[in-house]
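Commentary on secondary and tertiary structure
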Amino acid sequence: MKQIRVLAGLALVALLVFSAGCAPHGNDFKLVQELTGEKPAGFWLGLWHGIIFPITFIISLFNEKVGVYEVYNVGKLYNFGFVLGLFGSIGGMAKNGAIKKNKDK
């Protein structure tokens, strides 16, 4: 019984340590604007990146210089645009697939 409690405690500690790596942190790239004068990606660029995500993801598998997400962004607005574009592109593909399946029946 004591071994089970020790194992459960170790498992809990391991879970907490591993989940701490998933915690969000501040956007360090906002300093780039002060240094270079470049503006971070906003809502519209996030929307575009979400829309082209399926193609960009495939390219990123073969080219490590291509990323699917702009890390130098304004934060919540970019994320919102990215998710909207992602839902539009991936959700649109899923909807088209469902329509084609229903037409085959």
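In this report, the structure presented in the accompanying data block is examined. All values reported here derive from a predicted model rather than from experimental measurement.

What counts and how
Residues numbered from 1 in each chain as written. Predicted model: local features only at pLDDT ≥ 70, side-chain atom pairs only at ≥ 80, totals over all residues. Heavy atoms only, no water. Helix = DSSP H or I, 4+ residues; strand = E, 2+ residues; numbered from the N terminus. Buried < 20%, exposed > 50% of the residue type's maximum accessible area, 1.4 Å probe, protein only. Areas by Shrake-Rupley, 256 points an atom, 1.4 Å probe, with all protein chains shown as cover. Patch = residues over 30% accessible without salt bridge, like charges linked within 9 Å, V, L, I, M, F, W, Y side chains within 5 Å. Salt bridge = Lys/Arg side-chain N within 4 Å of Asp/Glu carboxyl O. Contact = heavy atoms within 4.5 Å.

Here's the deal with the overall build of the protein chain
A tally of helices and strands in the protein chain yields five helices and zero strands. Shown N-terminal to C-terminal, the secondary structure of the protein chain runs as helices and strands in the order α-α-α-α-α. Split into buried and exposed, the 105 residues of the protein chain put 14% on the buried side. A total accessible area of about 8800 Å² is found for the protein chain, and carbon and sulfur atoms account for 69% of it.

Some points on a nonpolar patch on the surface
Side chains of F57, I58, L61 and F62 sit close together on the surface and give an oily, nonpolar patch of about 480 Å² of accessible area. Look at F62 and you get exposed, because its relative accessible area is 73%.

What about the environment of H49?
As for its position among the elements, H49 is in helix α3 (residues 43-51). Of the residues examined, H49 reaches a relative accessible area of 17% and is grouped as buried. In the structure, H49 is positioned 21 residues away from E70 in sequence and 8.0 Å away in space, judged by C-alpha atoms. Setting aside anything within four residues of it in sequence, one finds H49 in contact with E70, Y78 and F82.

With respect to the environment of V74
Here V74 is to be found in the loop between α4 (53-62) and α5 (76-104). In the structure, V74 is positioned 31 residues away from F43 in sequence and 8.2 Å away in space, judged by C-alpha atoms.

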